[in-house]
Each structure stands twice: as C-alpha cells, then as structure tokens.
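Structure assessment
The chain contents come next:
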Amino acid sequence: MQMLGTQIVAVGSIWKIVGETSTFGQVILAILCGMSVVSWVVIFHKWRQFRVVDSHTDKFLQHFRRARKLGEVHAQAQAHASSPMANIYRLGVEELFHLRELKGVNGASQGQRIGLTDHEFDVLEMTMEKTMTEEMVKLERQVVYLATTTSAAPFLGLLGTVVGIMDSFWSIGERGSASLAVVAPGIAEALLATIVGLGAAIPAVIAYNWANARTKNLHDRSSSFILDFLARAKKEEL
C-alpha cells in the first residue's frame, strides 16, 4: 500500500509539473509524446511484419529445396508472397521461362535446341536483383521515422531543458531570490523535458538498429538465394 501511494504521488507530481510548465514547454512535451506514440506503433508494426516475413520465407525455402525443378514451386511462391525470396523466385522463374520460350522459338526455326547464353543469364540475374531491391525497400518503409525520432527527440528534449532553465533564471530575476521555491518549477520542467526526450529516443534507436540488422540479414539471404537459383537454372540448361 505504501508503494502504491508513492506511485500515485509521483504520477500526481508529474501532472503538477506539466500543469505548471510554460506553454512552449507543454508544446515540446506534446510533440515528444506524439513522436513516442508513433514510434511504438511503427515498432509493433515492424515486429509483426518481420515475423510474417520470416515465417513465409522459411516455409517457401522448404518447398524450394525439396523441388527437383525450378518451376515446381511457383504456386508455393504465390502463397507466401510476404517473403522477399518467394517474390524474387516468382519473377525470376517467369523471366527464365520467358527466355527459354524465346530460345525455343529460335531453336525450332533452326531445328535444334539452343541453351541460354551468359548474357541472358546476366539479364535474369539483373531482373532478380531488381526485385530484391524493391523487396528491401518495402522492408525499410517507416524505419526512417525511427531514425528521425532517434535524432530529433534528444534535441527537442534539450530545447525544453534550456527553456526550463531560462524560466528559473527569469524567476530569480523577478523575485530577487534564488531560493529552492523559486527555481524548483523551472528545474523540474527542464528535467521532465530531458526525461521525455530520452524516453522517446532510446526505444527508437534500439528498434532502428534491430530493423536495420533484420533487413541486412534478409538482403544477404536473398543474395545467396539468387546465386542458388542461377546455379540450378544453369544445371537445368546442361
């Protein structure tokens, strides 16, 4: 009960500080709180997105590794469209079949089977890499907001801190006294702005680094997948 009473007093004190804060300071606090709320929404969204991406990627790769031919898992790729590798595969195999179809038409006119050239495999690789870039862009959406919060929130908190200290000095000049009762409201406002600024920035920077690491991991895995796809495609041409 004593701890609960202490917590209620602490919360009440914070609201009292906010109520006595200057209009400019309240605006700063409102902006920081808004940035924090949006950051947490982005964090939760990215967490759910990466969880779905990992699940779809693992399931698709299981089908891909068991397939004897590249074209056998096209339906599974469509069913796991949240996976970057599934989309890379889908567009890659469609481009591969298109190139083979063109070669088949040319070969039929000459009465022989013509395999894909190195130049055509380069075209296939560029198509897959372009798709990979587009998939990484999808994963990086909204992450820039976390970077913005990481950079801006501490400075906004510092701005609120400076304003609070200025209010304290202004009170000293007006009342001609440097007693605790005179300077305490401004100092409390300054410290609260610092706390709220750091409270918005710290989760954002952790989430930003986490999201970047996950995106880089998927980029590296996608690059390896493209090489695996090309190797299997070349084997099928033999």
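Residues numbered from 1 in each chain as written. Predicted model: local features only at pLDDT ≥ 70, side-chain atom pairs only at ≥ 80, totals over all residues. Heavy atoms only, no water.

Here the focus is the overall build of the protein chain. The secondary structure content of the protein chain amounts to 7 helices and 0 strands. Across the 238 residues of the protein chain, 35% fall into the buried class. As displayed, the protein chain offers around 14000 Å² of accessible surface, 64% of which is attributable to carbon and sulfur atoms. (Helix = DSSP H or I, 4+ residues; strand = E, 2+ residues; numbered from the N terminus. Buried < 20%, exposed > 50% of the residue type's maximum accessible area, 1.4 Å probe, protein only. Areas by Shrake-Rupley, 256 points an atom, 1.4 Å probe, with all protein chains shown as cover.)

Glancing now at a nonpolar patch on the surface. A surface patch of nonpolar side chains, about 430 Å² in accessible area, is lined by Phe-155, Leu-158, Val-162 and Met-166. On the secondary structure map, Met-166 appears in helix H6 (residues 143–175). Exposure remark for Met-166: the relative accessible area of 54% places this residue in the exposed category. (Patch = residues over 30% accessible without salt bridge, like charges linked within 9 Å, V, L, I, M, F, W, Y side chains within 5 Å. Salt bridge = Lys/Arg side-chain N within 4 Å of Asp/Glu carboxyl O.)

Phi is positive for Gln-142, which is not a glycine, with a value near 75°. Secondary-structure assignment places Gln-142 in the loop between helix H5 (118–140) and H6. Assessed through its relative accessible area of 40%, Gln-142 is described here as partly exposed.

Counting across every chain of the model gives 9 aromatic pairs. On the numbers, 4.8 Å between centres and 55° between planes, the contact of Phe-64 with Phe-225 is tilted. Taken together, the residues span a long stretch of sequence, with Phe-64 in helix H2 (residues 23–66) and Phe-225 in helix H7 (residues 180–237) at a distance of 161 residues. The pair formed by Phe-64 and Phe-225 is uniform in burial state, with each residue classed as buried. These aromatic residues form a ring-pair network of at least three members: Phe-60, Phe-64, Tyr-89, Phe-225 and Phe-229. Seen from the ring of Phe-121, Lys-234 lies directly overhead, with NZ or CZ sitting 5.4 Å from the centre. (Phe/Tyr/Trp six-rings, centres within 6.5 Å; stacked < 30°, edge-to-face > 60°. Lys NZ or Arg CZ within 6 Å of the ring centre and 35° of its normal.)

Glancing now at the packing of H2 against H5. Contact geometry for H2 and H5: axes closest at 10 Å, N-to-C directions at 145°. Of the residues in H5, those touching H2 at Lys-46, Gln-49, Phe-50 and Val-53 are Lys-138, Leu-139 and Glu-140. The class makeup of the residues in the contact of H2 with H5 is 3 nonpolar, 1 polar and 3 charged. (Axes fitted to C-alpha atoms, helices over the stretch in contact; angles between N-to-C directions. Contact = heavy atoms within 4.5 Å. Nonpolar A, V, L, I, M, F, W, Y, C, P; charged D, E, K, R; others polar.)

We now examine the side chain of Glu-120. The topology assignment puts Glu-120 in helix H5. With residues near it in sequence (within four places) discarded, Glu-120 still touches Leu-99, Lys-103 and Gly-115.

The subject of this paragraph is the nonpolar core. Counting 31 residues, the largest nonpolar core has Phe-60, Phe-64, Tyr-89, Leu-124, Phe-225 and Phe-229 as the members making the most contacts within it. Among the elements of the structure, H2, helix H4 (84–110), H5 and H7 are those that each provide at least two residues to this core. (Core = buried A, V, L, I, M, F, W, Y, C linked by side-chain atoms within 4.5 Å.)

The next point concerns the confidence of the model for the protein chain. Averaged over all residues, the pLDDT of the protein chain equals 82, while 78% of them reach at least 70. No element of the protein chain has a lower mean pLDDT than helix H1 (residues 2–20), at 49, and none a higher one than H5, at 92. In this model residues 1–12 is a low-confidence stretch, pLDDT under 50, and it forms 0 contacts with partners more than four residues away in sequence or in other chains. (pLDDT = per-residue confidence, 0-100.)

Moving on: the environment of Glu-236. Position of Glu-236 among the secondary structure elements: in helix H7. Using a relative accessible area of 26% as the deciding quantity, one classes Glu-236 as partly exposed. Sequence separation between Glu-236 and Arg-68 is 168 residues, and the spatial gap between their C-alpha atoms is 9.9 Å.

A few words on H5. Look at H5: 33 Å from first C-alpha to last across 23 residues, which is about the 33 Å you get at 1.5 Å a residue. Within the sequence span of H5, burial applies to Glu-120, Phe-121, Leu-124, Met-128, Thr-131, Met-132, Glu-135, Met-136 and Leu-139. In the segment just after H5, Gln-142 is the residue with positive phi, at about 75°. (Expected span 1.5 Å × (residues − 1).)

Once that is clear, we can look at the environment of Val-143. By secondary structure assignment, the location of Val-143 is in helix H6. C-alpha separation for the pair Val-143 and Val-42, spaced 101 residues apart in sequence, amounts to 7.6 Å. Not counting chain neighbours up to four residues away, the residues in contact with Val-143 comprise Lys-46, Tyr-208, Ala-211 and Asn-212.

Bringing the pattern of salt bridges into the picture now. Counted according to the given criterion, the structure contains 6 salt bridges. The partner of Asp-58 in a salt bridge is Arg-221, and the shortest N-O contact between them spans 3.7 Å. Of the two residues, Asp-58 sits in helix H2 while Arg-221 sits in helix H7, which places them 163 residues apart along the sequence. Overall, the relative accessible area of 29% leaves Arg-221 in the partly exposed class.

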